[in-house]
Amino acid sequence: MIQNRFLTGAALVALLGSLGLAPAQAQTDAPAAAPTPEAASSRVMSMVQTIPGMPPVVDPSNIYSEAAAGKVRADVASDPARIYVPNLRSNDVYVIDPATLKVVDRFPVGKSPQHIVPSWDMRTLWATNNAEGTTQGSLTPIDAHTGKPGAPVPVDDPYNMYFTPDGKSAIVVAEARRRLDFRDQHTMELQGSVEAPKCPGINHAGFSIDGRYAIFTCEFGGMMAKVDTVNRKLLGYLKLSKGGMPQDILTAPNGKTFYVADMHADGVFILDGDTFTETGFIPTGVGTHGLYPSRDAKFMYVANRGSHKVHGPRHSKAGSVSVIEFATNQVVKTWPIPGGGSPDMGNVSADGKKLWLSGRFDDVTYAIDTDTGAMTAIPVGAEPHGLTVWPLPGRYSVGHTGITR
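Here's what I pulled together on the structure shown here. The structure displayed is predicted, hence computed values, not measured ones.

Reading the values: rules and limits
- Residues numbered from 1 in each chain as written.
- Predicted model: local features only at pLDDT ≥ 70, side-chain atom pairs only at ≥ 80, totals over all residues.
- Heavy atoms only, no water.
- Pairing = 2+ DSSP bridges.
- Helix = DSSP H or I, 4+ residues; strand = E, 2+ residues; numbered from the N terminus.
- Axes fitted to C-alpha atoms, helices over the stretch in contact; angles between N-to-C directions.
- 1 Å grid on protein atoms, 1.4 Å probe; cavity = no way out; pocket = protein on both sides within 12 Å on 5 of 7 lines; lining within 4 Å.
- Points joined across faces, edges and corners; volume = space filled by probe spheres on them.
- Disulfide = S-S within 2.5 Å.
- Buried < 20%, exposed > 50% of the residue type's maximum accessible area, 1.4 Å probe, protein only.

1. Focus on the sheet that holds strand β19 (residues 277-283)
Thinking step 1. The strand order across the open sheet built from four strands is β16-β17-β18-β19, with neighbouring strands paired in antiparallel fashion. Both outer strands of the open sheet, β16 (246-251) and β19, are each paired with one neighbouring strand and no more. Strand-to-strand, the axes of this sheet are offset by a mean angle of 25°, without reference to chain direction.
Thinking step 2. Judged from the four bridges that link them, β16 and strand β17 (residues 257-262) form a sheet pairing that is antiparallel. Across the sheet, the residue bridging to threonine 251 is phenylalanine 258, located in β17.

As structure tokens, this is what we get:
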């Protein structure tokens, strides 16, 4: 932490260099001009003090700046372009080639695969098989470079999975147990747990800009739970004013505002993460469920599942996708599902041109043009859920279906 706010210009330049923030030399023989003390001081003071080991926040106004189109790591870019779709009822994963929109592979995994979760280091994709109603949960690793599965790892009730932004722990969301299990991100050996007894249906999470806390949704309690990720302890609960079934949660580009999809309220709640208070609500559509930022971080795609039921009808005429502008918190576009449908979980392609969502109750996957909203439905297995797109831009993943920073 920087204690002296009034360093000399030369000292500031030296400090910036030690932090890797010195301006790049111009490609000429002339030396680069040194920043003024005022400019250098402003740059230092704008830095976010993150938890130890977490990659630095490059742009405090946009935590997704390094997950923009074109910013795919070299080792990730060589992975085959694929869409991995976990099918909850057929206990398998379908693999789609996004170029041809065809299923090119399928393989069995454990019982009740819920999500495909990219690891923190973005080299393994984990199928979270929570084995609904049993104690036979497991995680199936998928090699991101070959697209092939490995031997499953027994893990209790892995409904979903996240990673602390410092990469020290995987957080297995044991939904039925009302518990978060912190595990080694590679071996999955248990490090410790956080109990959340008043959070029935704990399942989705968003992380603060500095990585110090995460906010989880309590699907069957109409509330939220805030967790200290460093000390591994529950910080408190927040009851949503008119919510009944909070689903996905997304951290805004500013890293402090959180958006919560609520399947019964038919819209998105807005929270202030630091004060843990509700500050607004945006109506979207019936059965609001999944939330995903655009690659330029200007918009949020909202999947409206078309039903208030956990097991809804096929071809719901209410199924749609809403597009919210972050700057105004207004819905600027709504795309109905042609013929009706049930958009659920997914992600945005690396170039930002396609939004991929599972069609939960219709056994399809939707490929949606992010400019026009035009859609193609691709048949997959029984009850597809949290699909992921690969490869993705970003330096590291905090989990779920590939929320990268």
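2. Focus: the sheet that holds strand β24 (residues 343-348)
Thinking step 1. As summarised here, the arrangement of the four strands in space is β24-β25-β26-β27, forming an open sheet in which the pairing is antiparallel. Where the open sheet ends on each side, the last strands, each with one partner, are β24 and β27 (375-379). Averaged over all pairs of adjacent strands, the angle between strand axes in this sheet comes to 25°, irrespective of strand direction.
Thinking step 2. Inspection of the sheet shows β24 paired to strand β25 (residues 354-359) by four bridges, in the antiparallel sense. Of the residues in β25, the one forming a bridge with valine 348 is leucine 355.

3. Brief notes about the layout of surface pockets
Thinking step 1. If you add up the space inside the second largest pocket, you get close to 230 Å³.
Thinking step 2. As for the second largest pocket, its lining consists of 16 residues, of which Asp296, Phe299, Tyr301, Thr370 and Asp371 are closest to the centre.
Thinking step 3. Counting only elements with at least two residues in the lining of the second largest pocket, the list comes to β21 (299-304) and β23 (330-336).
Thinking step 4. Here the lining of the second largest pocket gets three residues from one element, more than from any other, and that element is β23.

4. Some words on the state of the cysteines
Thinking step 1. The final tally for this structure, using the stated rule, is one disulfide.
Thinking step 2. Each disulfide pairs two cysteine sulfurs, and for cysteine 199 the partner residue is cysteine 218, the sulfurs being separated by 2.0 Å. Looking down the S-S bond of the cysteine 199 and cysteine 218 bridge, the torsion is -105°, so its handedness is left-handed. Within this pair, whereas cysteine 199 is found in the loop between β11 (190-195) and β12 (202-207), its partner cysteine 218 is found in strand β13 (residues 213-218), the two being separated by 19 residues in sequence. In terms of burial, cysteine 199 and cysteine 218 fall into one category: buried.

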